[in-house]
Amino acid sequence: MLATEGYCVKCKAKRQMKGETQVIMKNGRPATRGTCSVCGTKMFKIGGGPSKSITKGKTKAKAKPKAKPKAKPKAKPKAKRR
């Protein structure tokens, strides 16, 4: 038990998480998932990554290849007013 504190949306207050687990989101960032100790609502806290002994999944996001910049269309000349 890590005794993590997070914001409960249902209680509208900071509460202790019960049954929290360390997770890694799709983008590679760490997060904590658990339930509110008072009302039992699911809670999710981004950040505060796992300790070095606890690692689940990948710890670093894959580097995406850089996309080539798109060519800008040429500006059309404005019509002259008379």
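Relevant structure appears above.
A.B. asks: Just to check I follow, could you spell out the pairing of strand β2 (residues 13–24) for this structure?
C.D. replies: Side-chain direction in a regular strand flips from residue to residue, so the side chains alternate between the two faces of the sheet. Pairing of strand β1 (residues 5–8) with β2, which is carried by 4 bridges, proceeds in the antiparallel orientation. Bridging across to β2, Gly6 finds its partner in Arg15. Between β1 and the antiparallel strand that follows it, β2, lie 4 residues; Lys12 among them carries a positive phi value of about 60°. Strand direction decides the pairing type here: β2 and strand β3 (residues 30–36), joined by 6 bridges, are antiparallel. Across the sheet, residue Lys18 finds its bridge partner in β3, namely Thr35.

A.B. asks: Mind showing me how you'd approach the sheet that holds β1 here?
C.D. replies: Backbone-to-backbone hydrogen bonds pair the strands of a sheet. The strands run either parallel or antiparallel. Spatially, the 4 strands line up as an open sheet ordered β1-β2-β3-β4, and their pairing is antiparallel. Looking at strand neighbours, the two that pair on one side only are β1 and β4 (42–46), the edges of this open sheet. On average, each strand axis in the sheet is tilted by 45° relative to the strand beside it, whichever way the strands run.

Calculation rules
- Residues numbered from 1 in each chain as written.
- Predicted model: local features only at pLDDT ≥ 70, side-chain atom pairs only at ≥ 80, totals over all residues.
- Heavy atoms only, no water.
- Pairing = 2+ DSSP bridges.
- Helix = DSSP H or I, 4+ residues; strand = E, 2+ residues; numbered from the N terminus.
- Axes fitted to C-alpha atoms, helices over the stretch in contact; angles between N-to-C directions.

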